Amino acid sequence: MTKLTLDGYVLFDEQAFSQKLATSNQALKEFKTAVANGRDALKQAFEAGSDTIELVHSRAAFVDQILVQAFNYCFADCPQKLSLLAAGGYGRGELHPASDVDLMILLHETESSATRHAIEQFLMLLWDSKLEIGHSVRTLDECIREAEADITIATNIMEARHLAGDRQLTDNMKSATGPDQIWDSTSFFQAKLDEQVHRHAKFHDTAYNLEPNIKENPGGLRDIQMIGWVAKRHFGANTLHELVDHDFLTEAEYQALIEGQSLLWKIRLGLHHLTGRREDRLLFDLQRELAIQFGYTDGENNLAIEQFMQRYYRTVMELERLNELLLQLFREAILLRDKASQPEIINQRFQLVNNYIEVRHNRVFTEHPPALLELFLVMEQRPDIRGVRAHTIRLMRESTKLIDEDFRQSETAKLMFMDIISQQRGVTHEMRRMNRYGILAAYIPAFEQIVGRMQYDLFHAYTVDQHTLFVVRNMRRLSVPEFSHEYPLASGIFHHLPKPELLYLAGLFHDIAKGRGGRHEELGAEDAEHFCLDHGLTEQDSQLVAWLVRKHLLMSMVAQRKDISDPDIVTAFTREVEDQVKLDYLYLLTMCDIRATNPKQWNSWKDNLLSELYHKASIALRVGIDNPMNREAAINEAKTSAMRLLAQKGVSPEHITDLWKDFNDDYFLHHSRYEIKWHTQLILKNSNQLPIISARESDKGQIEIFLYTERQHGLFARIASAIDQLGLNIVDAQLMTTEKQIYLDTFKVLENDGQNPDPQYRISEIIKRLSTVITIPDSLQKDYKREPSRVQKSFAITTEVNFEQMPGKQITIMNINTTDRPGLLARIARAFIDCDIRIHNAKISTAGEKATDTFFITNRNGPPLLDEETCLRLESSLNKYLSE
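Please read these numbers as outputs of a predicted model, since none were measured by experiment.

Colleague: Looking at this structure, how should I read the overall build of the chain?
Modeller: Summing up its helical and strand segments, the chain has 40 helices and 19 strands in all. For the chain, the spread of C-alpha atoms along the three principal axes comes to 100 × 75 × 50 Å. Look at the contacts in the chain between residues 6 or more apart in sequence, and 69% of them connect residues 24 or more apart. By element, 47% of the accessible surface of the chain is carried by carbon and sulfur atoms, the whole surface being about 38,000 Å².

So, in structure tokens, the structure goes:
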């Protein structure tokens, strides 16, 4: 009997435990103490920096000894023969701090009552000892039957490891469920391959999410397990190193695989210790703590957490590459072994075998380095090619060093790259493949710096390289007729672009300078222009791509932060854009960029804002930049158009004119003719029944709310609170007081997650709640407090408030950047009440965890413009309410 130790820490003393158990009448106490002591020792070893692989295997070995002792204690007098097996990851001899200990109790036949009682006592002892046990009890026949029916059970049984009891029974089960009996290696591999494809699809086929799952994500631990399962089923391999013996991995690739697994295991150990539970997600708050634990510190342009996550992402990218390589080797060895076909010669360098491309000889890349790019071009041009053969993938990875400065300056390589990005199909797939194989980063060195680079915020859901490739994917999708119904305006514009490849290049370079310090759009524009000129583009085209990179944030900023109902704002934007061609390219780049940033950030409201700005700028360009529509003309156009619509409904022009005398000019600038028609009809029909409260679904899916009511102190704050309590988010507010001192307020709302509300039940709910709030001011639930989400709590943004005077207008613009949180708008409104501020217009925008809101305000009494003293008082009040 020996002691189980790790780096001097005693995990389990078998002899001492056996002696205590033999003399104690409190078996549970002994087991409980042993489990607690072993866990403490393992935690101390972890904190002292013990080897990760040793920690994982030692925990399994420690639990082995506890279970053997418990088995012998509980089944000493059992009348039936049975065996105890470790299953799942524990069966592989791998165990993490909070992982379940998966067990299988195997019997010859159905258990007797005495055996059942012994099993119950055994499991109860383990649970009471604080071991997290997952278990199954099966007969040999049940194992065979269930394994035949379910690939997951078959996999668990394949990995099962004998711990105690009847070893012959275990051997019989292994024999009866082996590949020569059920799930031969071909069917097993196909089933596991389908399983992986389905699992990857759940994560949008990317490992580069904000809060990745280190086990289930592409490139995660499950992908490594997949390799091990297939190797075990096909070769009978018990270790991954045996893949080297079978010539499926080189020694260097095996080391990369083990190093990747070790990092993921170390992260998983940290997650379990930090949370005290089985946690496989790298959640925001945990990322920060793990970065510190791993020894990272903040740099000038790179936070500790970003450095830590970049290491993680680059590791899983390498594991993805190895997974693809090995699965292709398995496919060739297992699925295609009896389907050898005559190679189809493509050209001097490549051929096709079973629809997979390969080099014709091992010297292809060394003798003709541009073939490293040519392969991707061939795949674009041949849609029948299913993939790259494993040997060629390996050769490409080994040959990336050939892509040096001489290679990049080669005219052949330059023409090849431009051909790749200009093809009619396959651009997205091959750009992603180039990134995965390391070719893209080798060819564009600046791209290498953004590979695996995360941005620690909620706005960017992916690493910079993955986001960039998603932007290009979105652009390409606009070119496919089958998808034109998704975004008809954008698809129509795309098909009129003179050179779509310029859009792709702008997408490829728009974020390439992230993390370098300075303004990434300016640095990226320099890179883009140099690259374009270097690749034979005309000076005009090169300057267009550079301009798009430099201005890629402009349209989004104007649409979401500025008052685009103001002709002056549209004119200023149009002057920057200069012509229709630039506007078309910029609109598509902006839309594809936002949609690729975070699926949750794109919604109908942003779509509506961008398309509205695009249309207004297009009109301004047609009229001529030097002949912009002035404010008076825009107002008259709105009135005339609305009057025509109302006349079609039989509304008296005299009644309309009489009502509109009460409205200020800003009302007609900020509302469409259809909105003016809706409001006018409601007021004329219900003018003696205040308040008027109505809501409807807009053509873009938001819910529009209309209020027409007598002035009330603090009404906006109460409305904002009520809408927040309904779980809705105000994205736009227009607040006006008529000449008769009646409030005319309009709001556009979405669900808190940015989705369109369901009008069927939301409209009646909104009207009912607002009716109560307006008619019974004290009805609002004052102690209501909706807690920020877990993710929101992980981010704290310093509140920034700045003021500017609207040129030529008696209005102050207040911009506020702060952490988004439940009830934010209501808190801001309370500060306005305290400082006697009147709101005319509000633009509400959320980018991940950051709220970026703009308010157009004046003093309620006194001069409209806010003086410096009032601004300081308002800022102080805002900070007070936002710190609560």
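Colleague: Please explain the sheet that holds strand 9 (residues 356-359) as it appears in this structure.
Modeller: Hydrogen bonds along the backbone pair up the strands of a sheet, which may run parallel or antiparallel. Across the sheet, which stays open at both edges, the four strands sit in the order 7-8-9-10 with mixed pairing between neighbours. In the strand order of this sheet, the two ends are held by strand 7 (344-345) and strand 10 (387-388), each with one partner. With respect to the sheet, helix 17 (residues 390-399) is in contact with strand 9 and strand 10, its orientation differing from that of strand 9 by roughly 50 degrees.

Colleague: Would you mind showing me how to read the nonpolar core here?
Modeller: Proteins that are soluble and globular tend to have nonpolar side chains buried together. Counting residues in each nonpolar core, the largest one holds 206 residues, and the members touching the most others are Phe122, Phe330 and Phe417. With 17 residues, helix 14 (residues 304-335) is the single largest residue contributor to this core. Apart from the residues within four sequence positions on either side, phenylalanine 417 is in contact with Leu373, Met431, Met434, Leu440, Tyr443, Ile444, Leu508 and Phe531. If you look at the next biggest cluster of nonpolar residues, it comprises 49 residues, including Leu707, Leu728, Ile766 and Ile857.

Colleague: Please explain the sheet that holds strand 3 (residues 82-86) as it appears in this structure.
Modeller: Within the open sheet, the four strands sit side by side as 5-4-3-6. Their pairing is mixed. Of all strands in the sheet, those with a lone pairing partner are strand 5 (133-139) and strand 6 (161-165), marking the two edges. For this sheet the average axis-to-axis angle between neighbouring strands, irrespective of direction, equals 25 degrees. Looking at chain direction, strand 4 (residues 101-107) and strand 5 are connected through seven bridges and run parallel. In the sheet register, valine 101 faces strand 5, and the bridge partner there is isoleucine 133. With respect to the sheet, helix 5 (residues 113-128) is in contact with strand 3, strand 4 and strand 5, its orientation differing from that of strand 5 by roughly 165 degrees.

Colleague: It is not clear to me how helix 9 (residues 185-202) should be interpreted in this structure. Could you clarify?
Modeller: Residues three or four positions apart in an α-helix share a direction because the helix packs 3.6 residues into each turn. Taking 1.5 Å of rise per residue, the 18 residues of helix 9 would be expected to cover 26 Å, and the 26 Å separating its terminal C-alpha atoms lies within 8% of that figure. Taken together, the buried positions of helix 9 are Ser185, Phe188, Phe189, Ala191, Lys192, Leu193, Gln196, Arg199 and His200. The elements touched by buried residues of helix 9 are helix 7 (151-159), helix 10 (221-235) and helix 14. Positive backbone phi, at 60 degrees, marks histidine 204, one or two positions downstream of helix 9.

Colleague: Honestly, the pattern of salt bridges in this entry has me stumped. Any pointers?
Modeller: Between side chains of opposite charge, a pair can form when the charged atoms approach closely. All told, the structure shown has 44 salt bridges when counted by the stated rule. Residue lysine 414 pairs with aspartate 534 through a salt bridge whose shortest N-O separation is 3.2 Å. Linking lysine 414 in helix 19 (residues 411-422) with aspartate 534 in helix 26 (residues 520-534), this pair joins segments that are 120 residues apart in sequence. On the basis of relative accessible area, lysine 414 is assigned to the buried category, the value being 5%. Arginine 433 serves as the salt-bridge partner of glutamate 430, at 3.0 Å between the closest nitrogen and oxygen. You can see glutamate 430 and its partner arginine 433 sitting in helix 20 (residues 427-436), three residues apart, about one turn around the helix.

Colleague: For this particular structure, what's the right way to read the state of the cysteines?
Modeller: One way to say it: the disulfide is the covalent bond shared by the sulfur atoms of two cysteines. Counted by the stated rule, this structure contains zero disulfides. For the unlinked cysteine cysteine 592, the closest cysteine sulfur is that of cysteine 532, found at 18 Å. For cysteine 592, a relative accessible area of 0% translates into the label buried. With no disulfide of its own, cysteine 835 has cysteine 871 as its nearest cysteine by sulfur position, at a separation of 9.9 Å. Residue classification places cysteine 835 among the buried positions, given a relative accessible area of 5%.

Colleague: Got a minute to help me understand unusual backbone geometry in this structure?
Modeller: Peptide bonds are, in most cases, trans, and in most cases residues other than glycine have a negative phi. With an omega dihedral of 0 degrees, the bond running from leucine 690 to proline 691 counts as a cis peptide bond. Phi at lysine 130 takes a positive value of approximately 75 degrees, unusual for a residue other than glycine. Residue placement: lysine 130 occurs in the loop between helix 5 and strand 5.

Colleague: For this particular structure, what's the right way to read the environment of leucine 107?
Modeller: By the secondary structure assignment, leucine 107 is in strand 4. Separated by 21 residues in sequence, leucine 107 and aspartate 128 place their C-alpha atoms 24 Å apart. If near-sequence neighbours (up to four positions away) are discounted, leucine 107 is found in contact with Gln80, Lys81, Leu82, Thr115, Val137, Arg138, Thr139, Leu140 and Leu169.

Analysis parameters
Residues numbered from 1 in each chain as written. Predicted model: local features only at pLDDT ≥ 70, side-chain atom pairs only at ≥ 80, totals over all residues. Heavy atoms only, no water. Helix = DSSP H or I, 4+ residues; strand = E, 2+ residues; numbered from the N terminus. Contact = heavy atoms within 4.5 Å. Areas by Shrake-Rupley, 256 points an atom, 1.4 Å probe, with all protein chains shown as cover. Pairing = 2+ DSSP bridges. Axes fitted to C-alpha atoms, helices over the stretch in contact; angles between N-to-C directions. Core = buried A, V, L, I, M, F, W, Y, C linked by side-chain atoms within 4.5 Å. Buried < 20%, exposed > 50% of the residue type's maximum accessible area, 1.4 Å probe, protein only. Expected span 1.5 Å × (residues − 1). Salt bridge = Lys/Arg side-chain N within 4 Å of Asp/Glu carboxyl O. Disulfide = S-S within 2.5 Å.

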